[in-house]
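Chain residues, written in single-letter form:
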Amino acid sequence: EPGVDPGHDRTQPGRRVELHRCIGERLAQGYGDPADEIATQLAMHFERGQDASRAVFYLQRAGETAVRRHASIEAAAHFERALDLIRSMPPNRSRDTLEGSLRLALSAPLIAIHGFGSTRVEACATAARTLCDSLGDLHGRFAAQRVIWNHSLMRHTVPTALCHARELMAEAESSQEPAKLALAHRALGCSLICAGKLDD
């Protein structure tokens, strides 16, 4: 493997795990908050050091950095790897919260790569909405519902898109947050135009 010391494979497995964890800890301490610069490297060391929680943390940071650089394929790979690692973590509310935020984050690069009409986008947003429902996360649920509405507008029948838009509007009216209301009105307006309900 490029960049790996040839002696690496001769090291006992248990010792390798310990070394990767120690290297990850020292690098994280050395870089501090600007660790975004080496988030991918830190994630690799913590994953090989069998510290799934910190590996997921740095994979999420690496994914967010890639999103800011518009590197959608790279971002999606980081978020998907983080979701794979989450399965090894004990089930609890904290893990579900983390999974929900990762699935919402993954939606953006998937849209950029495959488009709103992709079944992968729908599956990701639907899973995020389900998690947000179970956690009572209304903000996350609204974000997931908006992706689902966009997907339905591209892929499903007009009545289905209109149904999702009305659901989005109900959530926005419940929150009375101006930004959510603006987004929901736009979604409902577009859906009504597509349905030919111009008076509405």
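Predicted model only: the values in this text are computed from it and were never measured.

Let's shift gears to the overall build of the protein chain. When you go through the protein chain residue by residue, the secondary structure sums to 9 helices and 0 strands. Element order for the protein chain, N to C, with α for helix and β for strand: α-α-α-α-α-α-α-α-α. For a compact globule of 200 residues, the expected C-alpha radius of gyration is about 16 Å, and the protein chain comes in at 21 Å, more than 25% above that figure. Oriented by its inertia axes, the alpha-carbon framework of the protein chain measures out at about 75 × 30 × 25 Å. Here the protein chain, with 200 residues, has 40% of them falling under the buried criterion. Contacts spanning at least 24 positions in sequence make up 53% of the contacts within the protein chain whose residues lie at least 6 apart. Working note: accessible area of the protein chain is about 11100 Å², and carbon and sulfur atoms make up 54% of it. Each charge class in the protein chain was averaged separately, 24 positive and 25 negative side chains, and the resulting centres sit 2 Å apart.

Turning our eyes to something else, we now look at the pattern of salt bridges. For the coordinates displayed, the defined rule picks out 11 salt bridges. Among the ionic contacts, a cluster of salt bridges with common partners joins Glu47, Arg81, Asp84 and Arg87.

Among the nonpolar cores identified, the biggest contains 31 residues, and Leu42, Val56, Tyr58, Ile86, Leu102 and Leu106 are the most heavily contacted of them. Going through the elements one at a time, α2 (39–48), α3 (52–68), α4 (72–86), α5 (93–114), α6 (119–135) and α7 (138–155) are the ones with two or more residues in this core. Discounting residues that sit within four places of it in the chain, Val56 has contacts with Ala82, Leu85, Ile86, Met89, Leu98 and Leu102. The next biggest cluster of nonpolar side chains, apart from the first, holds 13 residues, and it includes Phe142, Ala165, Ala184 and Leu188.

Glancing now at the packing of aromatic side chains. The final tally for this structure, using the stated rule, is 2 aromatic pairs. Ring centres of Phe46 and Tyr58 lie 5.8 Å apart, and the angle between their planes is 10°; this geometry places the pair in the stacked category. Here Phe46 is found in helix α2, whereas its partner Tyr58 is found in helix α3, with 12 residues between them in sequence. Both residues of the pair, Phe46 and Tyr58, count as buried. Each ring, one from Phe57 and one from Tyr58, has its centre 4.9 Å from the other, and the planes form 80°; the classification is edge-to-face. Among the residues examined, Phe57 registers a relative accessible area of 41% and is labelled partly exposed.

Take helix α8 (residues 158–175) next. When the terminal C-alpha atoms of α8 are compared, their 26 Å separation across 18 residues agrees well with the 26 Å that a helix rising 1.5 Å per residue should span. Within α8, the full set of buried residues consists of Ala161, Leu162, His164, Ala165, Leu168, Met169, Glu171 and Ala172. In the core, the buried residues of α8 are packed alongside α6, α7 and α9 (178–194). At the exit of α8 stands Gln176, carrying a positive phi of roughly 60°.

Rules and cut-offs
- Throughout this document, residue positions are counted from 1 along each chain, in the order its sequence is written.
- pLDDT decides what is reported in this predicted model: residues at 70 or higher carry local features, side-chain atom pairs at 80 or more are listed and counted, and totals for whole chains, interfaces and linings draw on all residues regardless.
- As a convention, hydrogens and water are excluded, and side-chain values are obtained from all of the structure's heavy atoms.
- Secondary structure is summarised from DSSP: a helix means a run of H or I of at least four residues, a strand means a run of E of at least two, and numbering begins at the N terminus for each.
- Using C-alpha atoms as the atom set, the radius of gyration is obtained and then compared with a globule rule of 2.2 Å times the number of residues to the power 0.38.
- Under the scheme applied here, a residue whose accessible area is under 20% of the maximum for its type counts as buried, over 50% as exposed, and between as partly exposed, the area being computed with a 1.4 Å probe on protein chains only.
- Only heavy atoms enter the contact rule, under which two residues are in contact if any of them lie within 4.5 Å.
- In short, Shrake-Rupley with a 1.4 Å probe defines the accessible areas, and a residue's cover is counted only from the protein chains shown.
- Here Asp and Glu are counted as negative and Lys and Arg as positive; His is not counted, and neither are the chain ends.
- A charge is said to be at NZ when it belongs to Lys, at CZ for Arg, at CG for Asp and at CD for Glu.
- What counts as a salt bridge is simple: a side-chain nitrogen of Lys or Arg found within 4 Å of a carboxyl oxygen of Asp or Glu.
- We call a set of buried residues a nonpolar core when its members are Ala, Val, Leu, Ile, Met, Phe, Trp, Tyr or Cys and they connect through side-chain atoms within 4.5 Å of each other.
- Stacked, tilted and edge-to-face are the three classes applied to pairs of Phe, Tyr and Trp rings, where Trp contributes its six-membered ring and a pair requires centres within 6.5 Å; stacked means planes under 30 degrees apart, edge-to-face means over 60, and tilted covers the rest.
- A helix is expected to span 1.5 Å for every residue after the first.

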